[in-house]
Amino acid sequence: PAVGVIVVAAGSGQRLGHGIPKARVLCGGRTLLEHALDAVAASGVAVAVVAVLPPDDPVLTAVVARAAGAARDGAGPVISRVDGGATRVASVRAGLSALPSDVEIVLVHDAARALTPPAVFRRVAEAVHGGAPAVIPVVAVADTIKIVRSGTVESTPDRSGLRAVQTPQGFAASALRSAHAGVAAANPGITDDAMLMEALGVPVQVVDGDPLAFKVTTPLDLAVAEAVIALRGD
Ligand code: CTP
Ligand code: MG
């Protein structure tokens, strides 16, 4: 079955605080979006890739056009762009409507997880190929996590049962399309697509994520990403 990848890159990057959309921020001299699109291309999983961008962003539009040209020359996926929305859910929905309709598996990926190893894309895609309707990459949680209410600890969940969730998240396209048509509209608190599946009672399978799939959220994360790129020497 054909795999499509949605790379959501329409966020404003408030917490990074550079005053420009996060996907446009440079890391090792290249935009976070370029790093993310490189990883998708290197994974070889996709026939189609849609980058979801902030409206009217000529820099990121040019990044996508360059990646599309390189993919065309190298028999890679068809790469296109679409305008994002005010929330991540709205941006994913925009990406979904821009994917070719014959795509049967959809991977949704954060551009902010710019250094995600290609192997993570392959693990997620393989699990969906294997029949799982929803698949997420996860890693163990290092810190003890507390449930806090009004400044006081209410409880401490058993850490061995906790996982931090990364992207790409993979779905049967039909399941993701119907979730976005229904549940998403009614639930503004939804932060990832797996939550939509959970709300519908669809089982969500986990596969191994990777520490390098961390999300560039704060200035510290960007410094870590710069160091990783310096170490790998590109
Ligand atoms: N995203 C998006 N459209 C939005 C909001 C977020 O496409 N309206 C994307 C971001 O570009 C990012 C991913 O979703 O790749 C994860 O979001 P996050 O890390 O929260 O990025 P921002 O929303 O840009 O950052 P912040 O929350 O700090 O403003
Ligand atoms: Mg955000």
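Residues numbered from 1 in each chain as written. Chains lettered and ligands numbered in written order. Predicted model: local features only at pLDDT ≥ 70, side-chain atom pairs only at ≥ 80, totals over all residues.

Remarks on the pairing of strand E5 (residues 78–83)
So, point 1. Where strand E4 (residues 48–53) meets E5, six bridges bridge the pair, whose relative direction is parallel. Bridge pairing in E5 links Ala48 to Val78. (Pairing = 2+ DSSP bridges. Helix = DSSP H or I, 4+ residues; strand = E, 2+ residues; numbered from the N terminus.)

Concerning the site of ligand 1
So, point 1. Neighbouring ligand 1 are 22 residues; Ala10, Gly11, Gln14, Arg15 and Ser91 lie closest to it.
So, point 2. Its residues assigned to classes, the shell around ligand 1 comprises eight nonpolar, nine polar and five charged. (Near = placed C-beta within 6 Å. Nonpolar A, V, L, I, M, F, W, Y, C, P; charged D, E, K, R; others polar.)

With respect to helix H8 (residues 219–232)
So, point 1. Its 14 residues place the ends of H8 20 Å apart at the C-alpha level, agreeing with the 20 Å of an ideal helix rising 1.5 Å per residue.
So, point 2. At the exit of H8 stands Gly233, carrying a positive phi of roughly 75°. (Expected span 1.5 Å × (residues − 1).)

Considerations on the packing of helix H1 (residues 32–43) against helix H4 (residues 118–129)
So, point 1. Across the interface, H1 lies against H4 with an axial gap of 8 Å and an inter-helix angle of 55°. On the basis of their axis angle, the class for H1 and H4 is oblique. Considering how the two elements wind past one another, H1 and H4 form a crossing that is right-handed. Seen from H1, the contacting residues are Ala39, Val40, Ala42 and Ser43; seen from H4, they are Pro118, Phe121 and Arg122. (Axes fitted to C-alpha atoms, helices over the stretch in contact; angles between N-to-C directions. Parallel < 35°, antiparallel > 145°, perpendicular 65-115°, else oblique. Left-handed = near helix turned anticlockwise from the far one by under 90°. Contact = placed C-beta atoms within 7 Å.)

Here's the deal with H4
The α-helix advances 3.6 residues per turn, and as a result positions three or four apart in sequence lie on the same side.
So, point 1. With twelve residues, H4 extends 17 Å from end C-alpha to end C-alpha; this agrees with the ideal 16 Å at 1.5 Å per step.
So, point 2. Within the sequence span of H4, burial applies to Val120, Phe121, Arg123, Val124, Ala125 and Val128.
So, point 3. Looking at the buried positions of H4, the neighbouring elements they touch are strand E1 (3–8), H1, strand E6 (105–110), strand E7 (134–140), strand E11 (169–172) and strand E12 (205–208). (Buried ≥ 20, exposed ≤ 12 C-beta atoms within 10 Å, placed from the backbone.)

Looking at the confidence of the model for the protein
So, point 1. A residue-level look at the protein finds 98% of positions with pLDDT of 70 or above and a mean pLDDT of 95.
So, point 2. Both scores are available for the predicted complex, with the pTM at 0.97 and the ipTM at 0.99. (pLDDT = per-residue confidence, 0-100.)

Considerations on the packing of helix H3 (residues 88–98) against helix H5 (residues 173–181)
So, point 1. Packing of H3 against H5 leaves a shortest axis separation of 11 Å and a crossing angle of 130°. Taken together, the axis directions place H3 and H5 in an arrangement best described as oblique. Seen from above, H3 lies across H5 with left-handed handedness. Residue-level inspection shows Val92, Arg93 and Leu96 of H3 in contact with H5, the latter providing Leu176, Arg177 and His180.
So, point 2. Looking at the contact of H3 with H5 residue by residue, the class counts come to three nonpolar, one polar and two charged.

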